[in-house]
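So the chains spell out like this:
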Amino acid sequence: MKTHNFSIEFFPPKTAEGTEKLRATRAKLAELQPKYFSVTFGAGGTTQQGTLDTVLEIRKEGYDAAPHLSCVGGSRESIRDILQQYQANDIRRLVALRGDLPSGYGMGGEFRHASDLVEFIRAETGNWFHIEVAAYPEMHPQARSPQDDLQNFVRKMNAGANAAITQYFYNADAYFRFVEEAQKAGVTAPIVAGIMPITNSSQLLRFSEMCGAEIPRWVRLKLASFGDDTASIKAFGLDVVSSMCERLLAGGAPGLHFYSLNQAAATTAIWQRLV
């Protein structure tokens, strides 16, 4: 398992209490020796400082860290400033995204697509950054069609991305099909599977509604049948996600990227089943 590209995602904490909690979470997850930690970037750059602070703290602890950078609502000047800041701090890895529009926000900014952002990063910084982009095995919620979505993905890769991380999913076939189609379209870079542990069914339903990730009917019904029985939800979630991860790795997925939601227990439990 150590040979795989295994990474863990956090969001920047907004309070002193959240910062302490994340430190404790990180100490536990660091024991799993992930290749790197990534830190999300709020819509329109709302968490810019928090993202950088968290990344710098992780690096100070001796681990590799990748800030996310979303360009929606950003100007070339503001993105250039952020890139220069990252370079000045010797940050070498970046997750480049279009990002979600904040509510009540027009499609502002000088970048329409993540491919524009990747192109800009390469033009400004050459090969300084290892760039990861997003992939959508079940189609981006705003894409016109699966074909359009695949073409957008290929454009991002051709603009200079080194690898991709998928949106989470619970259907391994969707991932394998997407990878196969991307490869037929000329993509040779690794496409790492994004993994969302299942610990809370109402939260999962809310997230999945927003990002277009499908929860298979049998999983949804089983979760509903547990009601408020958190222990059963977690045990079932662990079984479902672990067995999917096993199948993904056995089928050739180059790695797993865990959406930890700043919690350690679920990611650790899945990881322990895989080693």
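Heads up: the structure comes first, above all this text.
Computed from a predicted model, the values in this text were never measured in an experiment. (Residues numbered from 1 in each chain as written. Predicted model: local features only at pLDDT ≥ 70, side-chain atom pairs only at ≥ 80, totals over all residues. Heavy atoms only, no water.)

### Describing the packing of helix H9 (residues 230-250) against helix H10 (residues 265-274)
Piece 1. Where H9 contacts H10, the axes come no closer than 9 Å and their chain directions differ by 45°. As the angle between them shows, H9 and H10 are arranged oblique. Of the two possible hands of crossing, H9 and H10 adopt the one that is right-handed. Between H9, through Leu-238, Asp-239, Val-241, Ser-242, Cys-245, Glu-246 and Leu-249, and H10, the contact on the second element is made entirely by Ala-269, Ile-270, Arg-273 and Leu-274.
Piece 2. Residues belonging to the contact of H9 with H10 are distributed by class as follows: seven nonpolar, one polar and three charged. (Axes fitted to C-alpha atoms, helices over the stretch in contact; angles between N-to-C directions. Helix = DSSP H or I, 4+ residues; strand = E, 2+ residues; numbered from the N terminus. Parallel < 35°, antiparallel > 145°, perpendicular 65-115°, else oblique. Left-handed = near helix turned anticlockwise from the far one by under 90°. Contact = heavy atoms within 4.5 Å. Nonpolar A, V, L, I, M, F, W, Y, C, P; charged D, E, K, R; others polar.)

### Structural notes on unusual backbone geometry
For residues that are not glycine, phi is negative in most cases, and the peptide bond is trans in most cases.
Piece 1. Phi at Met-139 takes a positive value of approximately 80°, unusual for a residue other than glycine.
Piece 2. As for its placement among the helices and strands, Met-139 is situated in the loop between strand E5 (130-135) and helix H5 (146-158).
Piece 3. Owing to a relative accessible area of 25%, Met-139 belongs among the partly exposed residues under this scheme. (Buried < 20%, exposed > 50% of the residue type's maximum accessible area, 1.4 Å probe, protein only.)

### Comments concerning the sheet that holds strand E4 (residues 93-97)
Pairing between the strands of a sheet is mediated by backbone hydrogen bonds and can be parallel or antiparallel.
Piece 1. In spatial order, the strands read E1-E2-E3-E4-E5-E6-E7-E8; together these eight strands close into a barrel with parallel pairing. The average undirected angle you get between the axes of adjacent strands in this sheet is 30°.
Piece 2. Where strand E7 (residues 191-195) and strand E8 (residues 255-259) come together, three bridges link them in parallel fashion. Paired with Gly-194 across the two strands is His-257, which belongs to E8.
Piece 3. Packing against the sheet, H5 makes contact with E5, strand E6 (163-166) and E7, and its axis sits at approximately 180° to E5.
Piece 4. Each of E5, E6 and E7 touches helix H6 (residues 172-184); the most contacted strand, E7, lies at about 155° to it. (Pairing = 2+ DSSP bridges.)

### Considerations on the nonpolar core
Piece 1. Leu-69, Ile-121, Phe-153, Ile-191, Ile-195, Leu-248 and Leu-256 are the most contacted members of the largest nonpolar core, which totals 81 residues.
Piece 2. Of the residues forming this core, the biggest block, nine residues, is contributed by H9.
Piece 3. Ignoring any residue separated from it by four or fewer positions in sequence, one finds Ile-121 in contact with Leu-69, Leu-83, Leu-94, Ala-96, Gly-126, Phe-129 and Ile-131. (Core = buried A, V, L, I, M, F, W, Y, C linked by side-chain atoms within 4.5 Å.)

### Some words on the pairing of E6
Piece 1. Burial along E6 is two-sided: Ala-163 and Ile-165 and Ala-164 and Thr-166, pointing in opposite directions, are all buried.
Piece 2. Summarising the sheet, E5 and E6 pair through four bridges and their orientation is parallel. From the neighbouring strand, Ala-135 faces E6, where its bridge partner is Thr-166.
Piece 3. Considered for its hand, the β-α-β crossover made up of E5, H5 and E6 is right-handed.
Piece 4. Of the pairings in the sheet, the one linking E6 to E7 comprises two bridges and is parallel in character. Residue pairing for E7: Ile-165 is matched across the bridge by Val-192.
Piece 5. Once you follow E6 into H6 and on to E7, the crossover reads as right-handed. (Right-handed = clockwise from strand over helix to strand, strands pointing away.)

### With respect to H10
Piece 1. Considered for burial, the residues of H10 that qualify are Thr-267, Thr-268, Ile-270, Trp-271 and Leu-274. Seen along its axis, H10 keeps its buried residues to an arc of 165°; they face one direction. In this structure, H10 carries Ala-265 and Gln-272 as exposed residues pointing more than 90 degrees from its buried face.
Piece 2. In this structure, the buried side of H10 is in contact with strand E1 (5-10), helix H1 (16-30), H9 and E8. (Arc of directions from axis to C-beta.)

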